[in-house]
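Below, each chain spelled out in residue letters.
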Amino acid sequence: VGIIDSGIDINNKLLKDTIYINNSEVSNGVDDDDNGYVDDINGWNFYDNNNVVYESYLHDYHGTCVSSIIATSENNKMISVAPEIKVMPLKCLSGSRGEVTNIISAIEYAYSMNVRIFNCSWDCDEYDEQLEEVIKKYNDALFICSAGNKGMDLKKSPVYPACYDLNNIICVSAVDNTGKIYEESGYGDSIDVYALGVEVYCSMPNNEFTYSTGSSFATAYVSGIAALVKSCNYNLSAQEIGEILCKGQKYVKNNNGSVKVIDAYECVCLAKNKGVD
């Protein structure tokens, strides 16, 4: 899973065994695999254009937290959605600062390195044609995208890339553990999947832990399920995985009625029913 975000603490005890390793590259100041990136052993820092994928707690806690929800080594402190799945650090943000051009470069790079599931736990208000085009270009990759945290109907106040009209994008909004939609999360007909995103336990840099809330963390939850689905049936296309994520849901009743919330077990069953023993 490609983590387009801030950096990731690759020495975190729960994360270090799940961080992507480029076995074609050696730390020697030479571009051994001739891909244009020198010593890209654990992904790349597109914000600073170097191979340092973790800089500081302040600037890189978000990417670390998101990654820990998707994949950690099994541990008695916490367990992720998809233990032992590999995550690729694609640092495009420093805190909340970043440029769309760097995100486009990260997608191009990660796709060339065979990433086919991207976690996008961020959003921007302005439509960007180049970003839409690169996601459209790689239609055999799946982009799991945050619905944002402005508490707005996305039909009236769209956020991107979640609201690009493309069949390889999954737009994710957050609910709490009763099925109530998080009040600051984007909502409406544009949402493909609702997932747990309130008080989600996750790991932070320096091996610390916290509870995090927002569509970012619901998005990570769905990316973890997408990785589980892919691991059950590696031949599934991006569109098929997306269909499974949208179908593998259950109604959860709450004080405001009911909402469909993604269910990992249902998704795995759907994946296995497509031809895997």
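Just above, that's the structure.
As the structure is a prediction and not an experimental result, all values here were calculated from the model.

## Some remarks on helix α5 (residues 238-247)
An α-helical turn contains 3.6 residues, so a residue and the one three or four places further along point in the same direction.
Consideration 1: Every buried residue of α5 is accounted for by A238, I241, G242, I244 and L245. For α5, the angular spread of the buried residues around the axis is 160 degrees, confining them to a single face.

## Quick look at the nonpolar core
Consideration 1: Ranked by size, the top nonpolar core spans 45 residues in total, and within it V1, I70, I144, V222, V229, L245 and I262 carry the most contacts.
Consideration 2: Taken together, the elements giving at least two residues each to this core come down to α1 (57-70), β7 (142-146), β8 (169-175), β9 (193-196), β10 (200-204), α4 (215-232), α5 and α6 (264-272).
Consideration 3: A per-element tally of this core places α4 first, with nine residues.
Consideration 4: In contact with L245, other than residues within four places in its own chain, are L142, I144, I170, V193, V222, I225, A226, I262 and C267.
Consideration 5: Counting residues in hydrophobic clusters, the runner-up holds 43 residues, among them W44, Y109, A147 and C163.

## Examining the state of the cysteines
Disulfides are covalent bonds that link the sulfur atoms of two cysteine residues.
Consideration 1: Throughout the structure, instances matching the rule amount to one disulfide.
Consideration 2: Residue C65 pairs covalently with C202 via a disulfide, S to S 2.3 Å. Judged by the torsion about the S-S bond (-70 degrees), the C65/C202 disulfide is left-handed. Here C65 is found in helix α1, whereas its partner C202 is found in strand β10, with 137 residues between them in sequence. The exposure classification of C65 matches that of C202, with both residues buried.

## Observations concerning the packing of helix α2 (residues 100-112) against helix α3 (residues 129-137)
Consideration 1: For the pair α2 and α3, the least separation of the axes is 10 Å and the interaxial angle reads 10 degrees. Between α2 and α3, the crossing angle belongs to the class labelled roughly parallel. Only Q130, L131, V134, I135 and K137 of α3 make contact with α2, whose side of the interface consists of V100, I103, I104, I107 and E108.
Consideration 2: Looking at the contact of α2 with α3 residue by residue, the classes come out as seven nonpolar, one polar and two charged.

Criteria and cut-off values
Residues numbered from 1 in each chain as written. Predicted model: local features only at pLDDT ≥ 70, side-chain atom pairs only at ≥ 80, totals over all residues. Heavy atoms only, no water. Buried < 20%, exposed > 50% of the residue type's maximum accessible area, 1.4 Å probe, protein only. Helix = DSSP H or I, 4+ residues; strand = E, 2+ residues; numbered from the N terminus. Arc of directions from axis to C-beta. Core = buried A, V, L, I, M, F, W, Y, C linked by side-chain atoms within 4.5 Å. Contact = heavy atoms within 4.5 Å. Disulfide = S-S within 2.5 Å. Axes fitted to C-alpha atoms, helices over the stretch in contact; angles between N-to-C directions. Parallel < 35°, antiparallel > 145°, perpendicular 65-115°, else oblique. Nonpolar A, V, L, I, M, F, W, Y, C, P; charged D, E, K, R; others polar.

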